[in-house]
Structures are given as structure tokens and as C-alpha cells.
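# Architecture at a glance
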Amino acid sequence: MPQLSHRGHRLPESPIRKLVPYAEAAVARGIEVIKLNIGQPDIQSPKPSIEAVRRFDEPLVEYTHSAGLAELRKGFRDYYLGLRIELKEHELMVTSGGSEAIQFAFGAIADPGDEVIVPEPLYANYISFAIQAGLEVVPVTSHLSNGFALPSIETIEALVGPKTRAIVVCNPGNPTGSLYSRQELEQLRDLALRKDLFILADEVYREFVYDGARHTSILDIEGLDQHAIVVDSVSKRYSLCGVRIGMLVSRNAAVMQAALKFAQARLSPPSLGQIASLGALEADADYFTQVLNEYRHRRDILVDGLLSIPGIRCPRPKGAFYAVAELPVPDAEDFARWMLSEFEYDGATVMFAPNQGFYSTPGLGKSEIRLAYVLEGPKLKQAVEVLRHGLQSYAQRG
Ligand SMILES: Cc1ncc(COP(=O)(O)O)c(C=O)c1O
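Please read all numbers here as calculations on a predicted model, not as lab measurements. (Residues numbered from 1 in each chain as written. Predicted model: local features only at pLDDT ≥ 70, side-chain atom pairs only at ≥ 80, totals over all residues. Heavy atoms only, no water.)

A full pass over the atoms with the stated rule returns 2 cavities of 30 Å³ or more. There is about 100 Å³ of room inside the largest cavity. Contributing to the lining of the largest cavity are 15 residues, with Pro-119, Pro-121, Cys-170, Thr-176 and Tyr-180 lying nearest its centre. Of all the secondary structure elements, the ones that give two or more residues to the lining of the largest cavity are β3 (115-120) and β5 (164-170). At 3 residues, β5 tops the list of elements feeding residues into the lining of the largest cavity. Its residues placed into classes, the lining of the largest cavity shows 10 nonpolar, 5 polar and no charged. Lining the second largest cavity are Ile-218, Leu-219, Ile-221, Leu-224, Asp-225, Ala-228 and Arg-251. Looking at side-chain class alone, the lining of the second largest cavity contains 5 nonpolar, no polar and 2 charged residues. (1 Å grid on protein atoms, 1.4 Å probe; cavity = no way out; pocket = protein on both sides within 12 Å on 5 of 7 lines; lining within 4 Å. Points joined across faces, edges and corners; volume = space filled by probe spheres on them. Helix = DSSP H or I, 4+ residues; strand = E, 2+ residues; numbered from the N terminus. Nonpolar A, V, L, I, M, F, W, Y, C, P; charged D, E, K, R; others polar.)

Given below as C-alpha cells:
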């Protein structure tokens, strides 16, 4: 058989999806699987987004401009203006999800063999996208004990070498729920300027911050016009994961020109997805308020429940809709598999993502799991009870 690529071999399996066969087998045995493993919200997409697709009445679904429909780019620029971030037309491009924006950014700023520094635990697909582009992820470890705060600038600076091109931050963080302050971002800026590095900020969870905190965009940090690149998406913001629409934003014209060439090679972002996204921009002003209240309510149910289980540590997330919990088990992946294949409580079990896959450093996070609070309160309460009993039975098994 002809050989496969090294990259194909190196790509990690998704930590979010790898337990799916065990979940399918549990369902086939008639067990309800409460799925907290994946960031697929159950919250409805804004009505105008669905209506916009229904209204579509053209005889042909065409490609659009490679940078996206002009009206949608304008709509997104207006959204940013609402955040007091002014952008020119060429500073924002529509992509096929935030995922493609990350790929374009990596492609535009780094060559094979180059390095990007990323706080871990990290959004696992950064590793996959880095491998696709031939880049090395250099992790800087953050810790559960301080709520996965940004590691010190000295620690990050010590990792900068001749091949470092960018520092990648996910703010608010998936999987950690951490939120970086303006002061931390300013420290990152000073480092980026000293070392002439890009800061690639993934802000797809920007709207989901709790307890009165405010999100600071990297685009709102002075002095970074040539260094800041933002990844954005409608997937989580408007519960529109399936329309596959995101954005790449930068005031650095050369970055956007290079990214546009990648965009031209893939021709067009999804046309109907752009129409749905245009509709979403018409959502009522209170859409976010309602959604935010719901997520905060769910976060508290989940985290309070987890903290009531002996031996669990779980920092209360400040943003996004994930929580990382440390369990009193030596190997959370083994436990997760056991929960799906050998355990049920009142006909149900829980599926979560082992957090080890969100670290780039081998061996870290073995006792940790990531839970997505994307289900309604009563389901989360049930999930906590199933987990409580699961941990007891797991500790007592022969
Ligand atoms: C941190 C982060 N960035 C980017 C993405 C990609 O989202 P999409 O491609 O759906 O816009 C996700 C999806 O889960 C994510 O969690």
C-alpha cells in the first residue's frame, strides 16, 4: 500500500468524539446517555436566522465573494462597532466557521517548522490545525488550582525562540472557562511587541462572560494593529454551529491579503450559512441577555452540584460554557469509558470529555474531565447525581 503522510499519522483523535462508539453501544442497550462531552448548545438559533433561509427564493445557490457577502461583512462590522471596535472593510473576512479562520491565520503567519505558543489545556483542534500546517504547538501550562489563569509573562517569554511566530489565546477559554483581563492582555501585548510576535485571539465565546465581568477583545488593546488577529464565529454566539460561518479579523493588511489568497483557493464560504448569519444579526437585543442568563444558571447548577461530590475540584468558569473538573480517579478516560460501558443509574449515564486530550504535554490532566453545560438545568442536576453514584461504584468495583 502507498505510504500515508506523517501528518495524517500524527493528527490526534478528537478527545470530544473518541468515546462516541461506547455511547452508541450504551444507547443500543436502552440506556439514556446525558451528553456533556460536546459544545453543541441546545439553545434555539434566533428565529430571524431560520426565517432568512426559509425566505431564500433564488433559482441558483451561487458562490459568494471569497471574503463573504458584502452585506454580511458590513453586518459583522456593525456588530463590532457595537463593541466600540471600528473596522475597515478589508479588515474582516467571512470564513467557513472559526475553524477555517484559524487555518487561514496559521497559513498566513507561519511556515512549516515554525512554532506557536498556546496556554494549555487548549482547544484541542489547535493541535490538529497546527499539524496540518506543519507547525509546532509549544504549550505553556495553566493550572486548575488558580482557575487556569494566564501563566506569568516570564514563563511565556522563556518559551519564545527564533521559530516562534505567535501566541494563541482562547478568551474566554475552551475548555477552561478562564477569562483574561485587560491587564493580562496588555502584558501579552508588551511581550508581542518586544519579540515581534502575532497574538492570535480566539474570541468565539466573547458574548458568554458571567458575574458582571466584561470581555476585553485583543482588538481593543492599543498598539497591536499590526500584531492582533481575531478568530470569531456565529456557531456559539447564535447557536448556529451547523451554518459553518466564522470570521477572521485583523488590522494588519498583509495578514488579510495573505488570508484572502487562502480564501480564494477554497472559493467561497457557505452561501446559505451566510444568509442565516445575516438573519441572526437581526435577533432581538434581549437574545444575548436571555441566553447569557440561561448559561449562568446552568453553570451554577453544574458547578455547585460537582462541588457537592466529595473529592471533586472545579473552578467556577468565568466565561464560555465549559467546566474542567478534577475527579478522585487516577485515569479519567478509563472512568469515562467505564461510565458508558458498565454503569447506569436509573437507566441513565453521563458522557463527558477526558481533559487529557486538551493538553499538548503528554501525561497532564489525567484526572480531569471537561463538561459542557449545554443542557437544561434539570438534566444537569440528573447528570450530577449519575456522576455521584458512578464515582462511588467505580471506587468500590472489584
Ligand atoms: C475555542 C473554539 N474555537 C473555534 C471553534 C470552532 O468553531 P466553528 O468552526 O464552529 O466556528 C470552537 C468550536 O467548538 C471552539 O470551541
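Having put the structure on the table, let's press on.
Its volume calculated, the largest pocket comes out at about 570 Å³. Elements with a contribution of two residues or more to the lining of the largest pocket: α5 (97-109) and β7 (228-233). Sorting elements by how many residues they give to the lining of the largest pocket places α5 first, with 4 residues. Taken domain by domain, the lining of the largest pocket gets at least three of its residues from each of domain 1 (6-44 + 286-396) and domain 2 (47-280). (Domains from an automatic or database assignment.)

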